[in-house]
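Structural description and commentary
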Amino acid sequence: MRKVLTLLCLLLGISWASAQTNVTGVVVSADDGQPVIGASVVVKGTTHGTITDVNGKFSINVPANNKTLVFSFVGMLPQERVAAEDMRVTLKSNAQQINEVVVTALGISRDEKSLGYATQEVNGGTLNVAKSDNLINTLSGRVSGVDIKSSGNLGGSTNIIIRGNKSLTGNNQALFIVDGVPITNANSNSTYQTTGGQGYDYGSAVSDIDPNDIQSISVLKGAAATALYGSRAANGVILITTKSGRDDEHLGKNGLGVSFSSNVTLGTIDKSTFPSYQTQYGAGYGQWYSNSQYPGLYYGPLAWTKGQSVYYVPTTEDASYGTKFDSNLKVYQWDAFVPESPNYEKATPWVAAKNGPITFFNTAVTTSNTLSLSGNSDVSSFRFSYTNFIQNGILPNSRLTKNTFDLNVSRKLAKNFTVSSQVNFTHQNTVGRNGTGYNGNIMTSFRQWWEVNVDVKELKSLYDLTGRNVTWNMSDPADGNTTPIYWNNYYWERYNNYEDDSRSHIFGNAQFKWDVTNYLSVTGRVALDTYSQLQEEHIAYGSVPAAFGIGLLDVPSGYSRDNINFMETNYDLLVNFNKNLTDKLNLTALAGGNIRRNGQNSIYASTNGGLVVPGLNAIANSVSQPLAPVEAQSAIGVNALFGSVSLGYDNTYYLDATLRRDQSSTLPIVNDTYFYPSISGSYIFTNLWKPEWVTFGKVRLNYAEVGNDAPFASLSNTYSQPSPFGSISLYSVNSTDNNPKLKPEETKSSEAGLEMAFLNKRVGFDADVYLTNTIDQIMPVAVSAATGYSYKYVNSGEVQNKGIELHAYGTPVQTKDFSWNVNVNWSTNVNKVVSLYEGVNNLQLGSFQGGVTVDATVGQPYGLIEGTDYVYKNGQKVLSDGIYETTSTTNNVIGNSNPKWHAGITNSFTYKNWTASFLIDIQKGGSVFSLDQSYGQADGIYPGSVGNNDLGNPKRNTLANGGGVIFPGVNSDGTPNTTRVEADWTYVGGYLAYPNSAFVYDASYVKLREAEISYNFQDNLLKNIGIQSLSLGLVGSNLWIIFKNLPYADPEAGLGSGNMQGWQSGVMPTTRNFGFNLKVQF
Amino acid sequence: MKKILFILLAISAVSCSKQTLADLNKDVKNPTNVPGNTLFSNAEKNLSDQDVSLNVNHNDFDLWSQYLTETTYTDESNYNIFTRSVPDYAWTTYYRDVLENLGRSDSLIKSETTESASDIAVQKNRRAIIDIFSCYAWDQMETAWGNIPYKQALNINNVLPAYDDALTIHKDLIARVTADVAALDPSNGSFSSADLIYSGDVSKWAEFANGLLVKLAIEIADVSAESTLVNTTINNAIAGTFSSASDDAIFDYLDATPNTNPLYVDLVLSGRSDYVAANTIINAMTSLNDPRLPLYFDQNLGANTYLGGTYGQGSAFPNYSHINTAISNTPSFPHPLLTYSEIQFYLAEAAARGIVSDAAATHYNNAVTASIVSWGGSAGDAATYLAQPSVAYNAANWKTSIGTQAWISFYLRGYLGWTEWRRLDAPAMNEPPSPASGVVTFPFRYPYPSGEQTLNGANYTAAAKAIGGDLMSTKLYWDLH
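Reading the values: rules and limits
- Residues numbered from 1 in each chain as written.
- Chains lettered and ligands numbered in written order.
- Predicted model: local features only at pLDDT ≥ 70, side-chain atom pairs only at ≥ 80, totals over all residues.
- Heavy atoms only, no water.
- Helix = DSSP H or I, 4+ residues; strand = E, 2+ residues; numbered from the N terminus.
- Rg over C-alpha atoms; globule rule 2.2 N^0.38 Å.
- Buried < 20%, exposed > 50% of the residue type's maximum accessible area, 1.4 Å probe, protein only.
- Contact = heavy atoms within 4.5 Å.
- Areas by Shrake-Rupley, 256 points an atom, 1.4 Å probe, with all protein chains shown as cover.
- Lys, Arg positive; Asp, Glu negative; His and termini not counted.
- Charge placed at Lys NZ, Arg CZ, Asp CG, Glu CD.
- Arc of directions from axis to C-beta.
- Pairing = 2+ DSSP bridges.
- Axes fitted to C-alpha atoms, helices over the stretch in contact; angles between N-to-C directions.
- Buried area = accessible area lost by both parts, 1.4 Å probe.
- Salt bridge = Lys/Arg side-chain N within 4 Å of Asp/Glu carboxyl O.
- Polar contact = N/O pair within 3.5 Å; in protein donor to acceptor, adjacent residues only side chain to side chain.
- Expected span 1.5 Å × (residues − 1).
- 1 Å grid on protein atoms, 1.4 Å probe; cavity = no way out; pocket = protein on both sides within 12 Å on 5 of 7 lines; lining within 4 Å.
- Points joined across faces, edges and corners; volume = space filled by probe spheres on them.
- Nonpolar A, V, L, I, M, F, W, Y, C, P; charged D, E, K, R; others polar.

1. Quick word on the overall build of chain A
Scanning chain A from N- to C-terminus turns up 11 helices and 66 strands. Its C-alpha atoms give chain A a radius of gyration of 32 Å, near enough to 31 Å, the size a compact globule of 1082 residues would have. Judged by the C-alpha coordinates and their principal axes, chain A covers about 110 × 75 × 65 Å. Burial statistics for chain A: of 1082 residues in total, 60% are counted as buried. Taking the contacts inside chain A whose residues are at least 6 apart along the sequence as the reference set, 68% of them involve residues at least 24 apart. On chain A, roughly 39700 Å² of surface is accessible, and the fraction owed to carbon and sulfur atoms is 54%. Averaging the coordinates of the 74 positive side-chain charges in chain A and doing the same for the 86 negative ones gives two points 8 Å apart.

2. What about the overall build of chain B?
Counting its regular elements, chain B contains 20 helices and six strands. Computed over its C-alpha atoms, the radius of gyration of chain B comes to 25 Å, within 12% of the 23 Å expected for a compact globule of 481 residues. Taken along its principal axes, the extent of the C-alpha atoms in chain B is 105 × 55 × 45 Å. In chain B, 74% of the contacts between residues at least 6 apart in sequence involve partners at least 24 apart. Surface accessibility of chain B: about 16500 Å² in total, with carbon and sulfur atoms responsible for 54%. Charged side chains of chain B number 28 positive and 49 negative; the gap between the two group centres comes to 10 Å.

3. Comments concerning helix α7 (residues 456-466) of chain A
All names here are of chain A. Listing the buried residues of α7 in full gives V456, E458, L459, L462, Y463 and T466. All buried residues of α7 fall inside an arc of 155° around its axis, so they share one side. Buried residues along α7 sit against α8 (490-496). Just past α7, the residue G467 takes up positive phi, approximately 70°.

4. A few points about the sheet that holds strand β5 (residues 68-72) of chain A
All names here are of chain A. The strand order across the open sheet formed by four strands is β3-β2-β5-β6, and the pairing between neighbours is antiparallel. Every other strand in the sheet has two partners, leaving β3 (49-51) and β6 (79-82) as the edge strands with one partner each. Averaged over neighbouring strand pairs, the angle between their axes works out to 20° when direction is ignored. Relative to β3, strand β2 (residues 40-43) is paired through three bridges, and the arrangement is antiparallel. Of the residues in β3, the one forming a bridge with S40 is I51.

5. Side note on the interface of chain B and chain A
Across the contact, 86 residues belong to chain B and 90 residues belong to chain A. Across the chain B to chain A interface the summed buried area is about 7600 Å²; carbon plus sulfur atoms make up 61%. On the surface where chain B and chain A come into contact, there are one salt bridge. For E631(A), the salt bridge goes to K29(B), with nearest N and O atoms at 2.7 Å. Where chain B packs against chain A, one counts 23 residue pairs in polar contact (both at pLDDT 80 or more). Mapped onto the side of chain B that touches chain A, the elements with two or more residues apiece are α1 (2-16), α2 (18-23), α3 (36-52), α5 (86-110), α10 (262-269) and α19 (450-455) of chain B.

6. Quick notes on helix α15 (residues 360-374) of chain B
All names here are of chain B. Taking 1.5 Å per residue, 15 residues should reach 21 Å; α15 reaches 21 Å between its end C-alpha atoms and fits that length. Buried within α15 are the following residues: A360, H363, Y364, A367, V368, A370, S371 and I372. Elements that come into contact with the buried residues of α15 comprise α12 (293-296), α14 (340-352), α16 (379-387) and α17 (398-409). Immediately beyond the C-terminal end of α15, within one or two residues, lies G376, with a positive phi of roughly 110°.

7. As for empty space enclosed by the protein
All names here are of chain A. For the largest cavity, the calculated volume is near 600 Å³. Lining the largest cavity we find 39 residues, and of these N137, G152, N1038, T1071 and N1073 sit closest to its centre. Contributing elements (two or more residues each) for the lining of the largest cavity: β11 (146-150), β63 (1005-1016), β64 (1029-1044) and β66 (1071-1081). Ranked by residue count, the leading element in the lining of the largest cavity is β63, at three residues. Of the pockets and cavities examined, the second largest cavity occupies roughly 350 Å³. Along its surface, the second largest cavity is lined by 27 residues, and D147, I161, G164, N898 and P899 are the ones closest to its centre. Breaking the lining of the second largest cavity down by element, the ones donating at least two residues are β11, β12 (158-162), β50 (818-835), β53 (862-867) and β59 (901-911). Broken down by element, the lining of the second largest cavity gets its largest block of residues, four residues, from β50. The residue makeup of the lining of the second largest cavity, split by class, is seven nonpolar, 16 polar and four charged.

8. Comments concerning unusual backbone geometry
Negative phi characterises most residues that are not glycine, and trans characterises most peptide bonds. All names here are of chain B. A cis amide bond links T257 to the next residue, P258, at an omega of 5°. Relative to the assigned elements, P258 resides in the loop between β4 (249-251) and α10. For the bond from A426 to P427, the omega torsion is -5°, close enough to zero to count as cis. On the secondary structure map, P427 appears in the loop between α18 (414-424) and α19. With a phi angle near 50°, S199 is a residue other than glycine that sits in the positive phi range. Assignment of secondary structure puts S199 in the loop between α7 (166-183) and α8 (202-219). Backbone geometry at N289 places phi at a positive 50°, although glycine is not the residue there.

See below:
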């Protein structure tokens, strides 16, 4: 193998220029003293060079004025040496390449080979290529065992699950820890939003972490890795280390560095994630609007026709099951009722619209500019950065602005005493997030309820002209009522019914480190994470009434505001001990404590019954007396003590043990304290057994338990207060019965891993298997409402996750100028609900429009999709009178939202100063229920609803006219179905003709997630003008969905982060982004 | 080193103050104790809201009674109620929002310290009224679903409540209301203004309870084994029940949201055009020259022109009669829960069945007249109407006479209209074009909520078997003819 590679390298090798001095030598590996074959030897600052032969030997001509040679080989640290006679160059393994030092729990740097659990590092630079409004989106496909689903919502939350869902009803999101500051990925979306009703995806505070400030990310996957963090880290940790002044490689001592990077990205919608429409039939649900030649149209006199009957469009009917288009047929359409329209009081040809809904979208423009200053000296360092991020979304009037300031300082006060601090301030302001779910969402109209005769550009021009809510969907225009019935003019809606929100977020820490002796140090840290958020929603005067505000009553106009304040403080004290007890025995020990306090309070107020003065967005401007605002206040406190001991013997055997004791305010006093241990070990077997081709090999094994506390205030019952009935107070028993006897829940996990590297780390892999059981879960279990409650808090239930993770890398080609690196992540997780609660074998996580539920069922994976199914006989679908029979039960398993496996493949290439890379992201399996298809197919907007039947006639013709369809399947007696049924809106497709299961799609995808090509300019040219480095790049993200099974939408798209995945309604199309990057360092 | 120990000590000191830590867990925004009356008021409103709503997610009985039909989205008119989980909503409302609140109201009132004799009497009255109102709710549930959890219901410590036999429940309700009537003391007060129906008037509640007894008895009039119970109950209750429409149990809504009549929310605030009059009722009333036509329906098609959409088929909103705007546009439009007219229909039936010795025609005429007058017609209109041979009481065909007129009178009280039709099998209803799977022609019962299949599976299965299948086509034990 080595020889082949060498040959390849030789063939691709570079010839060199005429010689001045000839130098020879040999390159050997520091690990084993063996020759390194194919190592590159280059005269510094030139392209002149050679590679070593099969004996590691080289010979090179060196110019007199430049005698520095650069020696490099993949997987090893490059080395510069002045040319000399008979050189012997020893190359050391590259620690960066295989991440030999990694950041672990509590920010402790550890030698990677000593760890008995899985971690995976991601370099900050790789995340910073394609700009996204959410850091998590850029992690997709980069780490094995991490399941990421981006919702596609502007500024929205992204679901991130490590090693499967563990908690039945609690938070399953990975925890982010930035320089010791924990930040959760929980969103502040309402229950109505998360169950697909209506609302906005307000995102999570994680999106305030600026990728520009990230030095590295370490992903701690299993319980053993996170045990020291305690309960909140049971779902895995994304550990982020931000850049400090010390990390700037271009800085010398006492230097000051300035760097600037700029990115402009243009986004357009991916047409494969948006509907195509049929163009043969227009507005209407059927043929019942008149007794005339065209019963699909109204026929009667209009105000201006002087009593003469004419054809006009049923504008209330947001479907396309109406009259067949015919350019010779002239009808009065919605615009005939708009005085400002050129078509006012005019009949126009009955044809499909020229400009469909796709013309509604703008090109998104994102700009991101970062300026950073850094400097260091012997005793201090600092880094300050400012990022301005502006994203104008694909929807009209949508804009996200983010300003981030980050300051990282440290100073040695004494030789053994350092203080440091990191502070991040982010102000985020968003206007016009897209609506999500079924109601109040323009995408629901485009995907489900639409008349294909409506021209979207005409809606724009009439809105621009009038400024009024001039809609195609008029209530009763013939009778003079042109107000909207279900759908506003979409432009009116975007510019008047928008939401806006802002968040001021500060997180940071202050810490000291005292090196008491060379083996004992003490670290103290105070970390703060606090934000205040304001979310304002509007319904402008003149809109379609919509469910709004407190109580979600239909109102013609309204204003609401939600003020949310959050604060978390953490106080940590750590004592570290690290000493070689003997030549071979090393002891690392740690003891510490943590005090955590969380507090959140919010107040939500809304107008009642509409706005008195249009456009005045104030609660006092309410038609009826405003309802009492909804207040919430919660606090959680956890005190913890923890310790760990790590023993290393002969750099070969390692053993770690940890113990943590938590005391939580959310548990009953008698049960509020709980201990949990972890133990892990590793063995570097290549220290004892090492064939030539193996560079490194290690096995590891661990077992860990993590305890968890209860949600706030789940111990005792309170009453809820509905709005008073006039002057009469109303109180109500709460729908959830709390439980004063809760005890901590527990996650037990074990893991085994194998890590190997070959051919001087040119190829390697890291594999893990794990098994995690979460037991005694604290959850509000759904109970029969006949108990008088909907939910009851219990300690019950067990969820098991087991899986395999694989991370592999290799360098197929390596020459002096060119290299090709491949990185592969692959993981699979099998999830099973082992038990729930006495006699209960199903837990409904959420109930959605369309009649489907997302469930946890005993013996099945968590996150099943349940609903109605076909009735089968001998494997054939049963029909009755030509129509599919559906089950009367709604608890049939029709889908599973968990993917079978995930993979990410990164290929990167460097050629001289060029760098190129692309990332393919693959998901296999998983299901999604599409309400868009369930309703949209019924409404006749998709191409599948037209065309010919088996007789060769248009299927939408009446049965008498040779139309109709025969659905495949059998009658109840087993004979094939031969009954032809009308292909009208109730039968031809959609939810009325089929059970829920017909609209469950495979969520697999293969995506070209990211691609980049960049050029680094030669240092010499730039140094003259004071530029250390300059690079220009073209980047793209979400460029191409190479494969998917879900029609007209992205299988990832959804409502946001959370436990209820696998349901789509009115999802946003995916944006393909193309950008231009500039990075310059002074 | 000493400093470290000191800091560690400090941490453990903090961790020891358990109570301080536990105090963080207090919900400071919601009460742990409230006056019992507030839960009663809430239950009254919740029941009335559920009964009157025609939101397709909550209550589809105005459709099933064929008073109305849907314009475009005809799912519910065709009995397709699963995609919206309508039975789940109703089930939860009855058990959790009505009965659990009533039960808690009772236990809170029971635990109030009472000293004076009059306090004790008021407390006793309140508890009896709670029980009467609970029985009213239980009756609606049991006549909708059949067997339901009853004895083991409303106990969170038993999350798998068994279902009880519906007739057994029904008889227990009669016994409970009979006992409540005896317990009421009209010389003392009760809830006062916290009672949103009768403002705490105990004598009115006594009349309500007697009316409810008549209703409970007549509902099982076809169950021959219970004829003695039916007979005794009705005869004992007659004297004590409503004597005129002024005694009606009416839930008066307010003008502002969220306390308006739900009809106003569903029909006006929603801005939607989902319902038109069904041809079933328009045709029936037109053929009888019913004076309530202009009171029930809008004259949107022209003066005295009424046209109903074909039941269950798509119907263009502008082409058919709408609900009278005097009803829909009145936010405070009152909703009746039990009326004099209704009781008179039951008594007419009791007379027709020979349970009471009065003249059936008298009760019948009283019932029709009271209905017309309470809808805004005059006694003269009623007399003219009743004088028509097609309307006059027909003893030979009393089920059609009473069934048709009761059904017309119960307009916008969908559940009652549907139940009366199920009992008396009159008038003839129209079969919708594409009835949902599992309904042969018409629904004769409400299917159990899908939540019960998953959350209370074994008991659900046993109950479904006991009643002859959890189908809409299953006839309940009292629906014998």
